[in-house]
Amino acid sequence: MSELLIKNAFVIDPLNHIRGEIMDIFVRDGRIVESVGPNAEVIDAGGMLTMPGGIDSHTHVCGTKVNFGRYMSPEDMRAGRTKRHGAMHATSGYSVPTTYGTSYRYSTMGYTTLLEGAMAPLEARHTHEEFNYTPLQDTMANVLFDGNWAIMEAVRDQDTARAAAIVAWFLEAVKGFSIKLTNPGGTEAWGWGKNLTCIRDIVPNFEVTPADIITTMIKANEMLRLPHSVHLHCNNLGTPGNYQCTLDTFDLVPDINRERQSLYATHVQFHAYGGTSWKDFCSRSDEIAASVNNRPQITIDMGQVMFGKTTTMTADGPMEFNLYRLHHNKWSNHDVELETGSGIIPVYYSRKNLVNSIMWAIGLELALLVRDPYQCILATDNPNGAPFVKYPEIIALLMSKAYREAELATVHPDTGSRVPLPAIDREMDWYDIAIMTRAAQARALGIAGQGKGHLSEGAEADIAIYPLRVGETDPSREYDAIIKGFSQTEYTIKRGRVVCRRGECLVEGVNTTYWVRPKVSEERNILNDEEFKRNFDRYYTVRMSNYPVQDSYLQRNVCIDTEAQL
Amino acid sequence: MMRVVLAVKERKKPFLPIEAEAILPSAFLDQEAKLTVWKGNKELPFAEVFAVSIDGEAESADDVEIVIRGDSSRIKRIGEYMDGGRIVIEGDIGMHCGNFMEAGTIEIMGSADAWLGREMRGGSIICRGNAGDYCGSGYRGEKKGMRGGSIEVFGNAGDFTAEMLAGGSIVIHGNAGDMAGVDMHDGALVIHGDARMVCANMTGGTCTVHGTVADMMPTFVRTGQVLIEGTEFTRFSGDIANRGKGTLFIRRWQYMD
Ligand SMILES: [Zn+2]
């Protein structure tokens, strides 16, 4: 039995409506409890800001695509090197660090849980292997279903139950957590050198539209009672005028889950563009935010862009090809048979560039214009908009109009005339930030019940203590102090153990992988579906029996069993 | 003036490389500094590898001359980030000599291994023997090679000489290997001997080859004849495959069969 007492913590815990109170927190064997004995280890938080551990609900940190980002950019690998030190392994990489680099830097910022945003099911083993070397965060993976042939056939046949049964088999087989649709149908079209411009285009050879895929999958998701909703990367990413496509997509979404959203739309900054070309490119964040404000069934994340070097990586192969044609740097393109694809290119977001400056403004506008912070999550689509180490700067921008004005003065001079940002006065408070960095993620991913994102009795003791004194810091003026305070915790506690202290990670750690196993009735079980099996063996280069990820790929893991309505 | 002589001691395994980025004129200004080198994952004091003798005193890096004596052919990264002064290498030198160098002079009496003066910013490197591959280039994944200063090689240079060249000048008195000047975007490359497949993907800068270019890239356009120091050269522009605006001056060339 190990016990820990955290004294004098200034706690903000939005899921429990705690808005900042001095409290003691008691921990036994990795969970929050009501009291501890006299021999408990004591940490005096001295009134410092204390919150549940941070959760990133959309980040690219583990898997084949991420790893390709590493080896196609040796210059990025050289950019973030740290030496072996104490319990810490050597690390390298800036925008795509090694797994230990990712884990240590997230831990230093108080993050304890990560959702890998895009795992190709066929390549799931690689993701799980890297999860095992991301030891200071618990992990889970979105599974890509955007171009899955069997799913698209079920969608074409308007057989939602069959689509759900197929998802159930894949999720269990690859130890995945949730349904991800990346440019649904578009990457399959890219296999034929084409793309889809929006939700009414037809996927070649399948006679379905993205709208069909999205609506069917939203229903299938709820049939399976998955903790998370469908996680969508809309069609037509990064194109001037694409905001209309995004609005049309949002119009498709029914409100069918009482606990959480019915659709999680990711990196919406990249989908909120006005104009007809790069010449008259502008922000349409206000329309997008208004749509979200009218639809409690939608949660978005910002997909904030920050200036500097990074790497873009996505399953959206055709979009990466378009980026490649803009940048003329190196490019990777990859097909995952029968399922999806991917593309990767390095980018540099420049303040001097008008388009980049507008992109930077749009992400902030979305966060500031969406009224309920539970509906707009802080994320950069790491590393696509910026490496996650930029989160503290984003927090400071959201909390301080003065900081935004200071930054606006350094970007392309025409930016102000193309975006609403200069007119927005909202300054988010500490409570809003606590929601946007942990509580909203826990609710959106449906993992509050797993003890994530809050500090109730029985919750996982994942706790971040920041060297910030809320009463003594004025975020709207002291934005440098905000950046500094959120960049490095005083203590990061994972499962009741101090894992990181002032940037020094103290233990080797073991991650826990969360995955979902929907229980489907015998007659709906896809293993009894001869057509599915026949097509699997006919089209895949892998035998169906060899496809599932063996248990040995997961170390510590939690299987979430759901009772599917099938 | 300060004169530092580093005589490489006899080593049991002379083939094992030593990383010696600490060998810089400015490093000797602080007499107290405990200088070290790395052999694999072991950090060693200077005295284990070199017999060190120091004469005189110096106020700035420019007043320091370092002489490296003995078998230094496997000693790497000498003069990395050098910002003044002089290094004389009496024999051969290992890889990455003069990485990122900004000012001062390095003179190599023997030959240099690969990556001589990579991503160098200023100063000059003189190599009396041959230079290895990637002389004056950018390291893996880097978009810019050498950006300023000069490298002069009296012998031959290896493959990918001046890759990603972005400024400064490189003069090779002998022959260059394959793909000299590949991806160069600025600066000047002069090859007095022969070369092969020069300047593919070039976007800017100039390259002059006094000898014969084998397997000349077909993606350069002839734009005229010019006289350089009394000799007639053909001028080319390209690489048009890359919308490049580089210039080649070439005396003789052959296209690939
Ligand atoms: Zn993403």
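What counts and what doesn't
- Residues numbered from 1 in each chain as written.
- Chains lettered and ligands numbered in written order.
- Predicted model: local features only at pLDDT ≥ 70, side-chain atom pairs only at ≥ 80, totals over all residues.
- Heavy atoms only, no water.
- Patch = residues over 30% accessible without salt bridge, like charges linked within 9 Å, V, L, I, M, F, W, Y side chains within 5 Å.
- Areas by Shrake-Rupley, 256 points an atom, 1.4 Å probe, with all protein chains shown as cover.
- Salt bridge = Lys/Arg side-chain N within 4 Å of Asp/Glu carboxyl O.
- Lys, Arg positive; Asp, Glu negative; His and termini not counted.
- Charge placed at Lys NZ, Arg CZ, Asp CG, Glu CD.
- Helix = DSSP H or I, 4+ residues; strand = E, 2+ residues; numbered from the N terminus.
- Buried < 20%, exposed > 50% of the residue type's maximum accessible area, 1.4 Å probe, protein only.
- Contact = heavy atoms within 4.5 Å.
- Polar contact = N/O pair within 3.5 Å; in protein donor to acceptor, adjacent residues only side chain to side chain.
- Pairing = 2+ DSSP bridges.
- Axes fitted to C-alpha atoms, helices over the stretch in contact; angles between N-to-C directions.
- Buried area = accessible area lost by both parts, 1.4 Å probe.
- Nonpolar A, V, L, I, M, F, W, Y, C, P; charged D, E, K, R; others polar.
- Donors = N, O, S within 2.8 Å, 3.2 Å for Na, K, Ca; no water.
- Core = buried A, V, L, I, M, F, W, Y, C linked by side-chain atoms within 4.5 Å.
- Phe/Tyr/Trp six-rings, centres within 6.5 Å; stacked < 30°, edge-to-face > 60°.
- Lys NZ or Arg CZ within 6 Å of the ring centre and 35° of its normal.

A few words now on a positive patch on the surface. Together, A:Lys309, B:Arg121, B:Lys144 and B:Arg147 make up a region of like positive charge exposed at the surface. For B:Lys144, the position within the fold is in the loop between β10 (124-127) and β11 (150-153). The class for B:Lys144 is partly exposed, based on a relative accessible area of 41%.

Our focus in this paragraph is the environment of A:Asp462. All names here are of chain A. Tracing the chain through its elements places aspartate 462 in the loop between α15 (430-445) and β19 (463-466). In this structure aspartate 462 touches Met51, Pro52, Gly53, Thr112, Thr113, Asp138, Lys452, Leu455, Ile493, Lys494 and Arg495, once residues within four positions along its chain are discounted. Here lysine 494 takes part through its side chain, which lies 3.0 Å from a polar atom of the side chain of aspartate 462.

Moving on to the sheet that holds strand β15 (residues 308-314) of chain A. Residues and elements named next belong to chain A. With antiparallel pairing, the 3 strands of this open sheet are ordered in space as β15-β17-β16. The sheet terminates laterally at β15 and β16 (332-336), the two strands that pair on one side only. When the angles between neighbouring strand axes are averaged without regard to direction, this sheet yields 15°. Where β15 lies against strand β17 (residues 340-349), 7 bridges are found, and the strand directions are antiparallel. If you follow threonine 312 over to β17, its bridge partner there is isoleucine 345. Its contacts with the sheet put helix α1 (residues 64-72) on β15, β16 and β17, and the angle it makes with β17 is roughly 45°. Along the sheet face, helix α11 (residues 317-327) touches β15, β16 and β17 and points at about 30° away from the line of β17.

Turning our eyes to something else, we now look at the interface of chain A and chain B. Listed as interface residues are 6 residues of chain A and, on the opposing side, 6 residues of chain B. Where chain A abuts chain B, roughly 520 Å² becomes buried across the two surfaces, and 40% of that area is made up of carbon and sulfur atoms. Our count for the contact surface shared by chain A and chain B stands at 1 salt bridge. A salt bridge links A:Arg78 to B:Glu142; the shortest N-O distance between them is 3.0 Å. Applying the counting criterion to the chain A and chain B interface returns 4 residue pairs in polar contact (both at pLDDT 80 or more). Residues of the side of chain A that touches chain B, tallied by class, amount to 1 nonpolar, 2 polar and 3 charged.

It is worth spelling out helix α5 (residues 149-156) of chain A at this point. In an α-helix, one full turn covers 3.6 residues, which means residues spaced three or four apart are oriented alike. All names here are of chain A. Counting buried residues in α5 gives 6 out of 8 residues, a clear majority hidden from the surface. Within α5 the residues assigned to the buried category are Ala150, Ile151, Met152, Glu153, Ala154 and Val155. Looking at the buried residues of α5, the elements they touch are α6 (160-174), α7 (186-190), α8 (210-223) and α17 (530-539). You can read the cap of α5 off the contacts: a side-chain oxygen lies 3.1 Å from the backbone nitrogen of alanine 150, and it is on asparagine 148. Glutamine 158 lies just past α5 and shows a positive phi near 55°.

Quick look at unusual backbone geometry now. Residue A:Pro383 is reached from A:Asn382 by a cis peptide bond, and omega for that bond is -5°. In the segment running from B:Gly238 into B:Asp239, the intervening peptide bond is cis, with an omega of 0°. Despite not being glycine, B:His96 has its phi angle at roughly 65°, a positive value. Within the fold, B:His96 resides in the loop between β8 (83-89) and β9 (103-108). The class for B:His96 is buried, based on a relative accessible area of 8%. Even without being glycine, B:Glu119 reaches a positive phi, approximately 55°. With respect to the helices and strands, the residue B:Glu119 is situated in the loop between β9 and β10.

A separate point is the pairing of strand β6 (residues 54-59) of chain A. Residues and elements named next belong to chain A. Along β6, 6 of the 6 residues are buried, which leaves the element largely enclosed by surrounding structure. Alignment of β6 against strand β7 (residues 111-119), held across 4 bridges, turns out to be parallel. Paired with glycine 54 across the bridge in β7 is tyrosine 111.

Residues and elements named next belong to chain A. Around the zinc ion, the protein contributes the donor atoms His58 (NE2), His60 (NE2) and Asp381 (OD), which lie 2.0 to 2.1 Å from the metal centre. Within one chain, the residues serving as donors to the zinc ion are arranged as H-x1-H-x320-D. As far as burial versus exposure is concerned, histidine 58 and histidine 60 are alike and both buried.

Right, let's talk about the nonpolar core for a bit. Core analysis: the largest hydrophobic core is formed by 155 residues, its most contacted members being A:Leu49, A:Phe145, A:Ile300, A:Trp360, A:Leu398 and A:Phe486. The element that contributes the greatest number of residues to this core is α6(A), accounting for 12 residues. Those residues in contact with A:Trp360, other than ones at most four positions away along the chain, are A:Gln304, A:Val305, A:Met306, A:Phe307, A:Leu397, A:Arg404, A:Glu407, A:Leu408, A:Val411 and A:Leu421. Listed in part, the 68 residues of the second largest apolar core include B:Phe46, B:Ile66, B:Ala162 and B:Met179.

Our next topic: the packing of aromatic side chains. Evaluation of the coordinates by the stated rule reveals 36 aromatic pairs over all chains. On the numbers, 5.0 Å between centres and 80° between planes, the contact of A:Trp169 with A:Phe170 is edge-to-face. When the centroid spacing of 6.4 Å and the interplanar angle of 85° are considered together, the rings of A:Phe170 and A:Phe532 count as edge-to-face. With A:Phe170 in helix α6 and A:Phe532 in helix α17, this residue pair connects regions lying 362 residues apart in the sequence. Like A:Phe532, A:Phe170 is buried. Pairwise contacts between aromatic rings join A:Phe145, A:Trp169, A:Phe170, A:Phe532, A:Phe536, A:Tyr540 and A:Tyr547 into one cluster. Lying across the ring of A:Tyr431, A:Arg19 places its NZ or CZ 3.8 Å from the centre. Positioned over the ring face of B:Phe15 is B:Arg74, at 4.0 Å from the centre of the ring.

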